[in-house]
Structure formats: C-alpha cells, structure tokens
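# A look at the structure
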Amino acid sequence: MKKIFLFLIFICITVCLTACTQESYILFNKHPITEETINSDSNTNIFKPGERIYYLVTTPKTVKTKRLLIQVFKLGDQDRLGYELVWGKQVKVRDEQVYYYTSYIVMNATGAYQMRVYSKDEPTRLLTSSQFYVKN
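Before going into details, it helps to say that this report is about the structure given with it. Keep in mind the model is a prediction, meaning the values are calculated, not measured.

## Let's talk about the nonpolar core
If you look at the biggest cluster of nonpolar residues, it comprises 20 residues, and the most contacted ones within it are Phe28, Ile53, Tyr55, Ile105, Met107, Met115 and Phe132. Counting only elements with at least two residues in this core, the list comes to strand 1 (26-29), strand 3 (52-58), strand 4 (67-75), strand 6 (100-106), strand 7 (111-119) and strand 8 (122-134). Ignoring anything within four residues of it in the chain, the contact list for Tyr55 reads Ile26, Leu27, Phe28, Ile33, Ile70, Trp87, Tyr101, Thr102, Ser103, Tyr104, Ile105 and Met115.

Right, dumping it as structure tokens:
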C-alpha cells in the first residue's frame, strides 16, 4: 500500500512539474529564407568569408515590445580563450512577422561564432543561441 501511495505521489509531482515548452530556434542558410529554402540542403552553419549568412529567428510567442536584440560573438581559438562581441543590432519585428525575424549578416574573418537573441520583454533572459562557422 505504501509503494502504491508513493508511486501516485511521484506521478502527480511529475505531471505538475512537467510543462510543454516551446523553444526558439535560429536557422542558418546560404540563400534567402523562403518557403522553398527552409527545408533545403542549403541549410548549414558553415560559411566562407565574405559570404552572406541568412538567418531565421523563431519565437514561440509574440514579443509584446516587438523588439529583439541580436548579438554575434566570436568564440576564442587556440591563441586566445573567451569571446568578443563583433556585431549587435536591435531590430523591430514587423506586424506580419509576429513569430519570426529574418535577415542576413556578413562575416569576413574566419572562426567560430555564436549568435544570441534576446527579447526586449525579458532582456536578461536568453531567448535562443546557435553557433556557426566561417572557414576558407
């Protein structure tokens, strides 16, 4: 009887603490992101210097302030550890693009990069991040 009671309490706690969470994503592509290219083979996170890096940021819910902060950090290499901010932009989400934002950037230096996105609704909480690489 005691085992059944503990099992039922465990199930109740598990159900209460488990939530269906929607996540935000960043998708990189070599071509402008459209309905045709969103599931194509051109989706990659490896690019050449000077090449346009198209990206798509999805949001699980609408951003009330309609503003996102997008930052790109260059990750350290063997000579230098850590990271440095190399690009940042505050963007306004359009009314017709309530759940996503798309644009492009160009990186000329080779290395590993990380894109981070913050919502101006909660500026201290990271919305999403993703890595990409620029190689010769």
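## Topic: a nonpolar patch on the surface
A cluster of nonpolar side chains, contributed by Val98, Tyr99 and Tyr100, occupies part of the molecular surface with about 260 Å² of accessible area. By secondary structure assignment, the location of Tyr99 is in the loop between strand 5 (83-92) and strand 6.

## Re the packing of aromatic side chains
Counted according to the given criterion, the structure contains 7 aromatic pairs. With centroids separated by 5.2 Å and ring planes inclined at 85°, the aromatic side chains of Phe73 and Tyr83 adopt a geometry described as edge-to-face. Of this pair, Phe73 sits in strand 4 while Tyr83 is found in strand 5, placing the two residues 10 residues apart along the sequence. By relative accessible area, which is 8% here, Phe73 ends up buried. Taking 5.4 Å as the distance between ring centres and 10° as the angle between the ring planes, the aromatic pair formed by Tyr113 and Phe132 counts as stacked. With Tyr113 in strand 7 and Phe132 in strand 8, the pair connects residues that are 19 residues apart, well separated along the chain. Here Tyr113 matches Phe132 in class, with each residue buried.

## A few points about the sheet that holds strand 7
If you trace the 5 strands from one edge of the open sheet to the other, you get 2-8-7-4-5, paired in mixed fashion. Since the sheet does not close on itself, it has two edges, and those belong to strand 2 (46-47) and strand 5, each with one partner.

## Some details on the side chain of Ser119
Looking at where Ser119 falls in the secondary structure, it is placed in strand 7. Engagement of the side chain of Ser119 in a polar contact is seen with the backbone nitrogen of Asp121, the distance being 3.1 Å. When neighbours within four sequence positions are excluded, Ser119 is seen to be in contact with Val63, Arg67, Leu68 and Leu127.

## Here's the deal with the pattern of salt bridges
For the coordinates displayed, the defined rule picks out 2 salt bridges. Between Lys66 and Asp95 there is a salt bridge; the shortest N-O distance is 2.3 Å. Linking Lys66 in the loop between strand 3 and strand 4 with Asp95 in the loop between strand 5 and strand 6, this pair joins segments that are 29 residues apart in sequence. Residue Lys66 is classed as partly exposed on the basis of its relative accessible area, which comes to 31%. When its relative accessible area of 53% is taken as the criterion, Asp95 is described as exposed. Glu122 is the partner of Arg125 in a salt bridge, and the nearest nitrogen-oxygen pair spans 3.5 Å. Its relative accessible area of 47% is what places Arg125 among the partly exposed residues.

Reading the values: rules and limits
- Sequence order as written defines the numbering, with residues in each chain counted from 1.
- A pLDDT threshold of at least 70 governs which residues receive local features in this predicted model, and a stricter bar of 80 or more applies before side-chain atom pairs are shown or counted, although totals over entire chains, interfaces and linings include all residues.
- Processing note: side-chain calculations cover all non-hydrogen atoms of the structure and skip hydrogens and water entirely.
- What we call a nonpolar core is a set of buried Ala, Val, Leu, Ile, Met, Phe, Trp, Tyr and Cys residues that are connected through their side-chain atoms within 4.5 Å.
- Three exposure classes are used, based on accessible area relative to the maximum for each residue type with a 1.4 Å probe and protein chains only: buried under 20%, partly exposed in between, and exposed over 50%.
- Going along the chain from the N terminus, every DSSP run of H or I of four or more residues is numbered as a helix, and every run of E of two or more is numbered as a strand.
- Residue contacts follow a heavy-atom distance rule, with two residues in contact if any of their heavy atoms lie within 4.5 Å.
- The patches described consist of residues with a relative accessible area above 30% and no salt bridge, like charges being joined within 9 Å and nonpolar side chains (Val, Leu, Ile, Met, Phe, Trp, Tyr) within 5 Å.
- Using a 1.4 Å probe, the Shrake-Rupley method yields the accessible areas, and only the shown protein chains count as cover for residues.
- Here, a salt bridge means any side-chain nitrogen of Lys or Arg that lies within 4 Å of a carboxyl oxygen of Asp or Glu.
- For Phe, Tyr and Trp, where Trp contributes only its six-membered ring, two rings pair if their centres lie within 6.5 Å, and the inter-plane angle classes them as stacked under 30 degrees, edge-to-face over 60, or tilted in between.
- Only when DSSP finds a minimum of two bridges between them are two strands counted as paired.
- The definition of a polar contact used here is a pair of N or O atoms within 3.5 Å, where within protein one atom must be able to donate a hydrogen and the other to accept one, and adjacent residues in sequence count solely through side-chain atom pairs.

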